[in-house]
Amino acid sequence: MTGETRKHSREEEPPPFGGSWRTLYAVVLANLAVLVALFYVFTRAFR
Amino acid sequence: MRPLDWVVLFAALAGIVAYGLWKGRRTRDLDDFLVADRGQRWHRVALSIMATQASAVTFLATPGQAFADGMRFVQVYFGLPVAMVILSATAVPIYRRLKVYTAYEYLEGRFDLKTRTLAALLFLALRGLSTGVSLYAPSLILSVIMGWDIRVVIFIIGGAVMLYASTGGARAVDNTNFLQFLIIMGGMVVAFVTIVRLLPPDVSFLEAAHVAGKLGRLNAVDFSFDVKNQYNFWSGLLGGCFLALAYFGTDQSQVQRYLSGQSVAQSRLGLLFNGMVKVPMQFFILFLGATVFAFYQFTQPPVFFNPVQAERARAGARGAEFRALETEYAAAFDEKQKAAREYINALRAGDDAAAESASAGLKAAQDKANGVRGGALEVLKEFDAKPNDTNYVFLSFVTRYMPAGLVGLVLAAVFFASMSSTASEWSALAATTVVDIQRRLLKRDASERYYFVSSKLATVFWGCFAIAFAQYAGQLGSLVEAVNRLGSLFYGTLLGIFLLGFYFRRVTGTAAFLGALAGEAAVLYCFFYTSIAFLWFNVVGALVVVLAALALNPLTRAKPDTSEA
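Quick notes on the rules
Residues numbered from 1 in each chain as written. Chains lettered and ligands numbered in written order. Predicted model: local features only at pLDDT ≥ 70, side-chain atom pairs only at ≥ 80, totals over all residues. Helix = DSSP H or I, 4+ residues; strand = E, 2+ residues; numbered from the N terminus. Buried ≥ 20, exposed ≤ 12 C-beta atoms within 10 Å, placed from the backbone. Contact = placed C-beta atoms within 7 Å. Nonpolar A, V, L, I, M, F, W, Y, C, P; charged D, E, K, R; others polar. Expected span 1.5 Å × (residues − 1). Core = buried A, V, L, I, M, F, W, Y, C linked by C-beta atoms within 7 Å. pLDDT = per-residue confidence, 0-100.

*Asks:* So what exactly am I meant to see when it comes to the overall build of chain B here?
*Replies:* Along chain B, the regular secondary structure elements total 22 helices and zero strands. For chain B, buried positions account for 58% of its 565 residues. Excluding contacts between residues fewer than 6 apart, the proportion of contacts in chain B whose partners are at least 24 apart in sequence is 86%.

If you want it as C-alpha cells, here you go:
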C-alpha cells in the first residue's frame, strides 16, 4: 500500500464507534428530537 | 474579591498563558501555525470548536438573558445539530481533500479569484469587528469589579492572548482552548451548585423552580410561528440551522478548528460531538440564569445590577429619588417573597384553586416590582440612554454570594471563555489575511518562512485592531445580540456562496459573485427597513444569493465555441 493510498483509506475510514456515519448522523438528529421533546415537557411542567 | 480570589484568578491566567507558550513552542512552519499540522484528535477538535463558539458573552449575557427574559434563547441552537450533520457529510470531506488552509481557498478552485476574495473580505470585516466585542465582555467585568479603567483591562487580556496566539498559532490555540473549556464548564457547575445551596432551607430547589416557571423564566420551547419573534422553535430550527451552517461551514475561526483534525473521521467526530452537546450545554447555562432568578425571589436583589451605574445614580441630581425607589423596591420584594411563599404553600397542599390564586398574586407582585424598577431605569437614563444590566446579573451574584476562591475560579472561567474565542478569531483572521490576501494577491512567490513570519505578524496586527475596536463595543447594547446581529449581516451571503459551490455545479464564478452582492443588499435592506428577526437574515441572505446566481447564471456562461462545426 503506498503512502498516498494509506492516507486516502484513512480519510475514508468508518467512525471508530457506531458502525457507520449514517448511524452517527441519525443519533445526533434523534438526540435533538429527544431534547426538544424534553424541553417541551419541561416548559409545560413549570409554566 | 478576597485575596484568595485574586490568587486563583491570576494563577489561572498566568498558568494558561504559560501552557499556551509551552504547547506552541514546537511551532516551526506554516502548516503548524495555521492548522496545527493537521494532527489533532477528535476530542480536542470538539472542545476547541465549543470553546471558540462559547465566548465570555455566552457565560455572562446568557444567564442574564434567562434572568430577564426566560430560557427561550435556547431555541436559537436547535438548528445547530442539523448543521453539524450536513457539514460533516459535505464540507468536511471537501476541505480535507483539497488540503486547504482556509475555507475561502476552496472558492477559487470552484469559482474564481474575485469570489474567493469577496468571501475572504466579508469574513475579515465580520470577524474583525466581532472579535472586539468578544474582548470587551470580560474587560467589562474586571473594570467594574476592580474599578480599573476598561482600556487598561482590554489591553491586559488582549496582550495575554497575543502572547501565545502569535507565537504558537493554531497548535497553541487548540490546546489552550481544550483546557480552558474544561475549566469553564467546571466553573459553571460549581456556580450552579452554589446557587442551589444558597436557596432558603425551607424552600426546595423544585419549589424555587416552580416560582421561576410561574414568572415566565422556564419557557424553553415556543412552537408558535412569527417572523418578528426572535426566539421560537421555527426561527431556531431554520434560522439557527442557516446561522450554524454559515458559522461552522464558512467562518474560518471554526473551519480552522476542524481542519486541524488528524483525518476526515476525526474532524467529523469533533463536529458531531458539538451537535450532541451544544444544545444541552446552552440549556444548562440558561438554567443557571433562571436559577439565579429563583434565588433572587427569596433574597433581596439590587434594583439595578450594575453597581457602578447605580452608585452614579445615587450621587446624581436625582439621587434622592433613586434612593427612594430602592426603598420602594425593597418593600415590593418583601411583598413578592410573601406571594412566592404563599404559592409554594399552595403547591405543597396540592390545592389547585389556592395555587391559581397565589400565582395571580405572585404575578401582580412581580409587576409591581417591575414598575418600581422601571422608575429606577428612568432615573438611570440621565447617564445612559438605554440602561441595561442584563450582562451584570450573573457577575453580581458571583461576587456577592460565592465563597472565597470560587469567585476567582468562576471569573477565571469567564476570562478563559473570552480568551479561547478571541485566540481562535485572531488565528483565523491571520490565516485569511496571509493565505487569501497576501500570498494570493500581494506577494505570490515568497518563501514558506516569509509567510510563517507574516502569519505571526498578522496575528499581532489583528490583536491590536481588536483591542482598539473593543474600546467602542460598550455602545452596542446587549452583548449577545450585538455579536449575533453582526454575524447575521454577513453570514447569509457567505453561506449562499458556499452552497452554490457545494451543490450547484453549473453556476459560474461571475454569477456567484453577483448573487453575493444581491444577497448582501437584501440583508442590509432587511436590517435597515424591516422588523424581521435577525436570525432570518441568514435565511434571506443565503436564499437571495442562490436564487440570484441561478437567475444570472445563463447570462454569465460563455457561449459554446461553434467555429469547428
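From this point, the discussion proceeds with the structure in view.
*Asks:* It is not clear to me how the interface of chain B and chain A should be interpreted in this structure. Could you clarify?
*Replies:* It is common to report an interface's size as the accessible area lost on association of the parts. If you look at the interface, chain B gives 25 residues, while chain A gives 18 residues. Of all the elements in the fold, those that place two or more residues in the side of chain B that touches chain A are helix H5 (80–89), helix H10 (205–214) and helix H13 (264–295) of chain B. A breakdown of the residues in the side of chain B that touches chain A according to their chemical character gives 19 nonpolar, five polar and one charged.

*Asks:* How do you make sense of helix H4 (residues 56–69) of chain B when you look at a structure like this?
*Replies:* Side chains that are three or four residues apart share a direction in an α-helix, a result of its 3.6 residues per turn. All names here are of chain B. Counted at 1.5 Å a residue, the expected span for H4 with its 14 residues is 20 Å, and the 19 Å between its end C-alpha atoms agrees. The buried count for H4 comes to twelve of 14 residues, which makes it a mostly enclosed element. When H4 is considered as a whole, its buried residues turn out to be Ala56, Val57, Thr58, Phe59, Leu60, Ala61, Thr62, Pro63, Gly64, Gln65, Ala66 and Phe67. After H4 finishes, the residue Gly70 shows a positive phi value of roughly 90 degrees.

*Asks:* In this structure, what is going on with the nonpolar core? I would like to understand it.
*Replies:* Nonpolar side chains in soluble globular proteins tend to end up buried together. Residues and elements named next belong to chain B. By size, the foremost hydrophobic cluster in this structure holds 210 residues, and its most contacted members are Leu286, Val292, Val414, Leu494 and Val545. Ranked by residues supplied to this core, first place goes to helix H18 (residues 406–442) with 18 residues. Dropping the residues within four chain positions of it, Leu494 is found in contact with Ala119, Leu122, Phe123, Ala246 and Thr250.

*Asks:* Explanation requested: the environment of Gly371(B) in the structure shown.
*Replies:* The residue Gly371(B) is located in helix H16 (residues 352–380) in this model. For the pair Gly371(B) and Ala332(B), spaced 39 residues apart in the sequence, the C-alpha separation amounts to 9.6 Å.

*Asks:* How should the confidence of the model for chain B be read in this particular structure?
*Replies:* Detail in the predicted coordinates should be disregarded across regions flagged by low pLDDT. All names here are of chain B. Looking at chain B as a whole, the pLDDT averages 88, with 96% of positions reaching at least 70. The weakest mean pLDDT in chain B belongs to helix H20 (residues 479–503) at 78; the strongest belongs to H5 at 96. This model gives residues 561–565 a pLDDT under 50, and the stretch forms zero contacts once residues within four places in sequence are excluded. Here the complex is predicted with pTM 0.88, and the ipTM for its interfaces comes to 0.85.

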